[in-house]
Amino acid sequence: MALLVGQACYSACEIDAYGFSKLPGIAVVGQAPTSGTEADVARGQFNMPTGISLQVPTGRIVLPDGSLFLEGTGVPLQ
């Protein structure tokens, strides 16, 4: 089975693609990897006085070895 992804795959899509990539018999394929932008933005929502809204990352997912989860690289294609 193949999971098709592209650079428009970010956030929750990247978490799902990563999870599928760890299952036997699943290949993550596409022209480009996912965007590599997975980050926590739950506390980073701001409404500015002029009606402009701003969202910034406030957290990141770190793997047990200390490396960053997906940031900057995305889910590797097979």
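Residues numbered from 1 in each chain as written. Predicted model: local features only at pLDDT ≥ 70, side-chain atom pairs only at ≥ 80, totals over all residues. Heavy atoms only, no water.

### Details of a nonpolar patch on the surface
Under the convention used in this document: A patch is a set of surface residues, each over 30% in relative accessible area and not in a salt bridge, joined within 9 Å for like charges and within 5 Å for the nonpolar side chains Val, Leu, Ile, Met, Phe, Trp and Tyr. Note on areas: Shrake-Rupley with a 1.4 Å probe; residue coverage comes only from the protein chains shown. Should a side-chain nitrogen of Lys or Arg be within 4 Å of a carboxyl oxygen of Asp or Glu, the pair is scored as a salt bridge. When accessible area is computed with a 1.4 Å probe and restricted to protein chains, residues below 20% of their type maximum are described as buried, those above 50% as exposed, and intermediate ones as partly exposed.
Residues Phe46, Met48, Ile52 and Leu54 make up a contiguous nonpolar surface patch of roughly 370 Å² in combined accessible area. Classification of Met48 as partly exposed rests on a relative accessible area of 38%.

### Considering the state of the cysteines
Put simply, the rule reads: Disulfide assignment relies on a single distance test, namely cysteine sulfur atoms paired within 2.5 Å.
Enumeration over the complete set of coordinates arrives at 1 disulfide. Across the disulfide from Cys9 sits Cys13; the S-S distance is 2.0 Å. Given an S-S torsion of about -105 degrees, the disulfide between Cys9 and Cys13 has left-handed geometry. For Cys13, a relative accessible area of 34% puts it in the partly exposed group.

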